[in-house]
Amino acid sequence: YKTQRPNDNLVPDGLLRGEARDSGFIGGSGLGKGFGKEAGDRVAYSFSLQEPMETSAILMRYRMEKGMTGELVLSGIRDFAFYLKGSGDFDTTLIPLRDLQAGDYSFQLTSVSPSTLEIDGFVLFPSPERDMIKFVKKTYHPIPKVEKQENGSILLKYEDIGSYYGIAWLFDPSEIREFHTDELDRFMRHTVHNHVSSVLKGNGNGHFTDVFLRPIDLKPQSGRIIYGMVCTGDKNGVSEKLARFADNARTANGVNGIGESNAIESFEAIESFEGIYKEKREKAAELFRHTPEGKRYLFSQKRMAATVLTNVVYPVYIRRGYIKHYTPGRWWDCLYTWDSGFIGLGLSTLDLERAIDCLNAYVTDPGDVQSAFIHHGSPVPVQFYLFLELWNRMQSKDLLQFFYPRLKQYYEFYSGKLGSSTTGRLKSNLLTTWDYFYNSGGWDDYPPQGYVHRERLEKNVAPVITTSQCIRIAKIMRMAASALGYTEDMAEYGKDIGLFTAAIQNDCWDAESGYFSYVCHDDAGYPTGILKDKNGVNYNMGLDGVYPLVAGICNMEQKQKILYSLTSDKHLWTNIGISTVDQSAPYYRIDGYWNGAVWMPHQWFFWKTMLDIGAGDFAAKIAMTGLDLWEREVSCSYRCFEHFILESGRGAGWHEFGGLSSPVLCWYEAYFKPGTVTCGFDVWIEEKEFSPSNTALLAKLRYFGKEESISIIAVMNLDYKYRVKWNESEAEYKEILPGVLQITLNNTGSHGVISIDAI
């Protein structure tokens, strides 16, 4: 674009710069998003010819508003000016070229007059073949041909794809039903009561084949396993799989494939239904290997794990292709940057490969000029915390070397140092992300944030969390750079940490309220004072106002006041966790989405921070309160909710939420899974090894903080007592639960070895 936009190097949703999505475009994508609105907008294209082409020409397909006209200039392959006229629909225009030899070519189109247009693309062809080029709307046929097989299964064939699908199941009675709609979740809310119709008509834009199992009877305190199979391939391959399924079922049961699971045990492990079931069941059970104290949380933990692992949507469009993607809930079939960071943290307790994949979905290759990272929603950079968690679990040099340059690019944009980033536009050096999303910390109705938007103060007011998060992720990157030996990068991160720390300390602290504040600026970007409400009260009495503690930049007075607020039931602490807003603030509400509620993600940040400052007891209180709250609600409702209302203690929001609620998996593992060691943000684990029976731990640590003491949690074999040493000296610890050692390291220095041995 002639005039740079803030998101030129951070195009949202994994799109390319200017990319517009519409079914009228070939392939679904074209150039738009205001292209041509300003004279001087330009776009470059390149192509290769394998063979010469005589009397070549280009046919450009475009769309403009009806009655609008515009002029473009082509340069590169030839100099040519041409005019366009809009009909409101797609049109074409011919650009004559010349004889072209085999080789590589490029050309540019530049807007001469300010007229917005959309460019679908180009056809390069020999001029005499003009009449052969046609654009035909693709008609899709979503309704398959369904063939019922003699063995009771069904074979599906869709007209638009070559492969077949097969479905087989072991249950009777059943019925084949059809849903004529494009989205089941919205449609079924209105039709779930319909047990009679075999064809349910929706908007007709899609189709689902449903094997409807008639009521499944369960006696009290009993269980039942029902087997089914979905397969795909060519017709013969699918038919063979369906036949084999039926044969196995008959052999196992002796009656038409209907029977109890214990009759199937005779089959070989992987080939039999029972073998497959047992293999996966045992793998799942291993995820919840726990101390006896953790048993009381198993019900809610398994439901959280199931929700996180199955909240997968496909297809999600990104970077000219499609991915399978973990989403906070299947209601949202799209990207979510900060939610997915927490999904990754939850996955790290369940499946490291999937956690790595989740992280990789949100970083881009170094030098990517379209997007420094993949962005959608609240720009809270949880990917850095996920990376640190993965490193401290795996100590993988390959992981470090792969993700470091990608996260560095992410960091440079977030800190205002890369490309079109506007996060660092204020002269105070306080960072803002208002140009990218309305939500600074994920907290939609957080009081000062709402006020800033209502009064349209985005250009003049900065929150605290953005700069605080930047300091913390700079510290994470400095640790990673140290591990790689990148001394220049370490110095650069250190410089940023000092700059941003000074910005917060110079302008944000409000000693009267004991909170850091949103800061107002004049039109030149210089700070003018803190943001107050209509009563003259600091508007930031809430979690944003205590985030410098997470950044690790508070002096003793600030730390004491913040800890008082966090632990006081008159302020942020409640019997279900940390409130988002101070309960004594005049703008505190009991009926807000975040205001008057407890959410798990920010509890997680402060839990880790308590380990950083040696407040292990309060860290345990945060975690156990969260686990107790989660267990109560899930046991009552079977739901995995978004957040919890302070007045009632009950869950609210979306009921199958696998995103921001996933910290409960991290807490469970940290306190109840033997063979686990957990540190704060300032610890980089260089090496670690548990003995096979979890009776010993040897870990080499680097400490990058400045606190007098830190806390570490280690879950050991509970049948023993232990001796803990730090650099061969006895270390202070207490057993807060059977086998759970809460270790305090004093005057840690920069590195050392912690050893835990059974006595």
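Scroll up to find the structure.
Residues numbered from 1 in each chain as written. Predicted model: local features only at pLDDT ≥ 70, side-chain atom pairs only at ≥ 80, totals over all residues. Heavy atoms only, no water.

**Some words on the environment of Asn506**
One can find Asn506 in helix H11 (residues 487-507). Note on Asn506: relative accessible area 61%, which makes it exposed. The spatial distance from the C-alpha of Asn506 to the C-alpha of Pro527 is 9.8 Å, given a sequence separation of 21 residues. (Helix = DSSP H or I, 4+ residues; strand = E, 2+ residues; numbered from the N terminus. Buried < 20%, exposed > 50% of the residue type's maximum accessible area, 1.4 Å probe, protein only.)

**Concerning the side chain of Lys608**
By the secondary structure assignment, Lys608 is in helix H14 (residues 600-612). In terms of polar contacts, Lys608 uses its side chain to reach the backbone carbonyl oxygen of Cys679, at 2.7 Å. Leaving out residues up to four positions away in the same chain, Lys608 has contacts with Glu389, Thr678, Cys679, Gly680 and Phe681. (Polar contact = N/O pair within 3.5 Å; in protein donor to acceptor, adjacent residues only side chain to side chain. Contact = heavy atoms within 4.5 Å.)

**Let's talk about the packing of aromatic side chains**
A full pass over the atoms with the stated rule returns 50 aromatic pairs. Relative to Phe122, the ring of Phe107 has its centre 5.4 Å away and its plane inclined at 85°; by these criteria the two rings are edge-to-face. Linking Phe107 in strand S8 (residues 103-111) with Phe122 in strand S9 (residues 118-126), this pair joins segments that are 15 residues apart in sequence. Here Phe107 falls in the buried class, since its relative accessible area comes to 5%. Accessibility expressed as a relative area gives 25% for Phe122, which makes it partly exposed. For the pair Phe387 and Trp684, a centre-to-centre distance of 6.4 Å together with 50° between the ring planes defines the contact as tilted. One end of the pair, Phe387, is in helix H7 (residues 382-394); the other, Trp684, is in strand S30 (residues 683-690), with 297 residues separating them in the sequence. On the accessibility criterion, Phe387 (0% relative accessible area) is buried. Classification of Trp684 as buried rests on a relative accessible area of 2%. The positively charged end of Arg61 is found above the aromatic ring belonging to Phe135, 4.9 Å away from the centroid. A cation sits over an aromatic face here: Lys427 above Tyr526, 5.9 Å from the ring centre. (Phe/Tyr/Trp six-rings, centres within 6.5 Å; stacked < 30°, edge-to-face > 60°. Lys NZ or Arg CZ within 6 Å of the ring centre and 35° of its normal.)

**Here's the deal with the sheet that holds strand S5 (residues 69-75)**
Within the open sheet, the four strands sit side by side as S3-S8-S5-S6. Their pairing is antiparallel. Since the sheet does not close on itself, it has two edges, and those belong to strand S3 (42-49) and strand S6 (80-85), each with one partner. For this sheet, the mean angle separating the axes of adjacent strands, direction not counted, is 25°. In this structure, S3 lies alongside S8, joined through eight bridges in antiparallel fashion. Bridge pairing links Arg42 to Thr110 in S8. (Pairing = 2+ DSSP bridges. Axes fitted to C-alpha atoms, helices over the stretch in contact; angles between N-to-C directions.)

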